[in-house]
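Listed below are the residues making up each chain.
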Amino acid sequence: MKTFNFQILQTLFLVTFFFNHIPLDAQTYGKNGMVVSDNILASEVGIDILIKGGNAIDASIATAFALAVTHPEAGNIGGGGFIVLMKSDGEVTTFDFREKAPLKANPDLFQDADGNLIEGSNHETIKAVGVPGTVAGLYLAHQKYGSLPWAELVQPAVDLAEKGFPMTWGLYQVAMRMSELDDSYDIMKNYFRNEKGEIIQPGEIWTQTALSNTLSLIRDHGHNGFYKGPVAEEIEAYMKAKGGIITKEDLAKYTVIERKPLKGTYKDFEIYSMPPPSSGGVALIEMMNLMELADLKNIEFNSTPYVHLVAEAMKRAFADRAEHLGDPDFNPDLPLDRLTSKAFAKRRFDNIDMTKASLSDSSLYGQLYDGSSTTHFSVVDKEGNAVSLTYTLEHSYGVKMGSSKLGFIFNNEMGDFNPVAGVTNSRGQIGSNPNLIAPEKRMLSSMTPTIVAKYGKPYLIIGSPGGRTIINTVFQTVLNVLEYDMRIDKAIEAMKVHHQWLPDMLVYERHLLSPDTRDALEQMGHQLRGVNNLGVLMGITYDPKLKVYVGAADSASKDGGAVGY
Ligand code: GLY
């Protein structure tokens, strides 16, 4: 007769107890690399590429294509974005694959006969689609800095679309909402359904055959798989059928630009971020310069003076953004050196009154705070190459239109242009010249993919979605790490505020700011509005003592996660 082995049972008990009771850390550690994205499956795809010997650019390309399948709200091939790359030798570069206005676009594209903005037209109609840049951007980044074969980087996304993955509760909630859309949003209405027309239930496998076919063409033909051939033909045919203006010529002419990064400093740190057509880097550096002048050692995080000071910095940076910024290829004299200089920050800092809120009028010289769908991921590899990549469809699921034959959704990025020259109003519509619509122009963005370096090595890799709130949530997270010495998960979760100059509204995370502080801020003249959340940040820091990368995904992300190895 066999006797029962109590030792095995005891070991099993101890192992189970240990794993169930180990305090869970909201941070993830990786000695050899890390990927933090808005979808854990996409982060795993990126890590697999690193394990296979790919570099940070390879992993980013694979992650970006995977997100187009698993996080279609913002992960995309129908939108555009930016990469900031810091190579292990310390050199930093950026790729601008922002969408462009089609050749047939003109400054009054969204205006009625009286020159007024047709409400909603710049976001909700097929003309709101900009010429997509994502595939071109990823392709050029691969040609210049990739190491594994292109096809190996696209294949995981093809597999995820073809073989499917389990429907998450996050996606299921969207599926329920989208099923109520009217028929003009044909692709979205049916996006999350099976062949029988039923909505895929949480846990059921969701496959995307049309998207997998499109991704296969991109896998096999690279850039041309999207911008020429059957995909380009179908994009043009769809646009024609729906009254859109993008043609094959627009697609054939689309180019990516490798741009010099914007560089700022904060104490011992170097900050590298995206230059125009993003406004993110300029505003981030301007605000960090302002903060460097403040006595932050004596200003407690989350106190009234802290919130007041960051709000005043935001108003100034957003006023400057509105007045000066647009596509550099159409505005050769953008005052970037001035706006990011320490001397300019000093002048801006000196007119902050620590006892009362300044008014957001044209003497400070922003569009309405809008939730937006953009997504950010951060990557680092074992050589120390780091990638900060933010890309977008503009609104959640972009314009919610696209050809069912191609299986992907188009952006509505044309809404990021200033729609009516000269009309700047308290609702946040901006009318300054640098960002008016013109054929082939890139619309101003707020995306702020950023890498902070110390002694020439990546120290913090960070970014977020959130429309104009991106700039401010990235700014506060950078400040939290560099000045308030917070670990990355805490820095991401800590209370954030947002002010964008116009409207004159200080938006705060309602459960994280005390009633006393709110009262004190109101007495200083701030107009407050509480929201549940600001930002969905994805960050990596380097811990020099442990010699390890530490990553954290914002808890606001439904399906996100950090994976290290
Ligand atoms: N779509 C958001 C941005 O580019 O700022």
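Okay, so let's go over this structure. (Residues numbered from 1 in each chain as written. Predicted model: local features only at pLDDT ≥ 70, side-chain atom pairs only at ≥ 80, totals over all residues. Heavy atoms only, no water.)

Considering the overall build of the protein
- Within the protein one finds 19 helices and 19 strands.
- For 565 residues, the compact-globule formula gives about 24 Å, and the C-alpha radius of gyration of the protein, at 23 Å, lands near that figure.
- The proportion of buried residues among the 565 residues of the protein is 62%.
- Taken as a whole, the protein presents about 21,900 Å² of accessible surface, with 53% of it coming from carbon and sulfur. (Helix = DSSP H or I, 4+ residues; strand = E, 2+ residues; numbered from the N terminus. Rg over C-alpha atoms; globule rule 2.2 N^0.38 Å. Buried < 20%, exposed > 50% of the residue type's maximum accessible area, 1.4 Å probe, protein only. Areas by Shrake-Rupley, 256 points an atom, 1.4 Å probe, with all protein chains shown as cover.)

Focus: the sheet that holds strand β9 (residues 269-273)
- Taken together, seven strands build an open sheet; the order of strands is β1-β18-β17-β13-β12-β9-β8 and the sheet is antiparallel. A single partner strand is all that each edge strand has here, and the edge strands are β1 (28-30) and β8 (262-266). Recorded for the sheet is a direction-independent mean angle of 25 degrees between the axes of neighbouring strands.
- Set on the sheet, helix α13 (residues 280-292) makes contact with β8, β9 and β12 (450-454); between it and β8 the angle comes to about 15 degrees. (Pairing = 2+ DSSP bridges. Axes fitted to C-alpha atoms, helices over the stretch in contact; angles between N-to-C directions. Contact = heavy atoms within 4.5 Å.)

Re the packing of aromatic side chains
- This structure, assessed with the given rule, holds 20 aromatic pairs.
- On the basis of an interplanar angle of 85 degrees and a centroid distance of 5.6 Å, the ring pair of Phe65 and Trp150 is categorised as edge-to-face. Taken together, the residues Phe65 in helix α3 (residues 56-70) and Trp150 in helix α6 (residues 150-163) connect sequence positions 85 residues apart. The same class applies to Phe65 as to Trp150, namely buried.
- Within the aromatic cluster, the residues linked to one another by ring pairs are Phe226, Tyr227, Tyr238, Tyr254, Phe408 and Phe410.
- Taking NZ or CZ as reference, Lys454 lies 5.8 Å from the ring centre of Tyr459, over its face. (Phe/Tyr/Trp six-rings, centres within 6.5 Å; stacked < 30°, edge-to-face > 60°. Lys NZ or Arg CZ within 6 Å of the ring centre and 35° of its normal.)

Focus: the sheet that holds strand β16 (residues 528-531)
- Strand order in this open sheet of three strands is β14-β15-β16, and the pairing throughout is mixed. At either end of the open sheet lies a strand with only one pairing partner, and these are β14 (497-498) and β16.
- Pairing geometry for β14 and strand β15 (residues 506-509), over two bridges, is antiparallel. Within β15, the position partnered with His498 by the bridge is Val507.

Concerning the pattern of salt bridges
- What the rule picks out here adds up to 27 salt bridges.
- Arg98 is the partner of Glu99 in a salt bridge, and the nearest nitrogen-oxygen pair spans 3.8 Å. Residues Glu99 and Arg98 agree in their burial class; the two are buried.
- A salt bridge links Asp220 to Arg219; the nearest nitrogen and oxygen atoms lie 2.8 Å apart.
- Accessibility expressed as a relative area gives 48% for Asp220, which makes it partly exposed. (Salt bridge = Lys/Arg side-chain N within 4 Å of Asp/Glu carboxyl O.)

Considering the site of the ligand
- Every residue close to the ligand is listed here: Arg98, Thr374, Thr392, Glu394, Glu413, Asp416, Ser445, Ser446 and Met447.
- At a separation of 3.2 Å, a nitrogen atom of the ligand approaches a polar side-chain atom of Thr392.
- Separating an oxygen atom of the ligand from a side-chain N or O atom of Ser445 is a distance of 2.7 Å.
- Protein burial of the ligand: of its 200 Å² of free accessible surface, 98% is covered by the chains.
- Grouping the amino acids of the shell around the ligand by side-chain chemistry returns one nonpolar, four polar and four charged. (Near = heavy atom within 4 Å. Polar contact = N/O pair within 3.5 Å; in protein donor to acceptor, adjacent residues only side chain to side chain. Nonpolar A, V, L, I, M, F, W, Y, C, P; charged D, E, K, R; others polar.)

Notes on the environment of Ala317
- Within the element layout of this structure, Ala317 appears in helix α14 (residues 304-324).
- Judged by relative accessible area, which is 2%, Ala317 ranks as buried.
- Linking Ala317 and Ser216, residues 101 residues apart in sequence, is a C-alpha distance of 43 Å.
- When sequence neighbours within four positions are dropped, the list of residues in contact with Ala317 reads Ala283, Glu286 and Met287.

So, the pairing of strand β18 (residues 548-553)
- For β18, the buried fraction is high: five of the six residues fall into the buried class.
- Pairing geometry for β1 and β18, over three bridges, is antiparallel. Its bridge partner lying in β18, Gly30 is registered against Tyr549.
- Taken together, the six bridges between strand β17 (residues 538-543) and β18 define a ladder with antiparallel strand orientation. By the bridge assignment, Met538 is partnered in β18 with Ala553.

Thoughts on unusual backbone geometry
- A cis amide bond links Pro276 with the next residue in sequence, Pro277, at an omega value of 20 degrees.
- Along the chain, Pro277 falls in the loop between β9 and α13.
- The residue after Leu502, namely Pro503, is reached through a cis peptide bond having omega 0 degrees.
- The residue Pro503 is located in the loop between β14 and β15 in this model.

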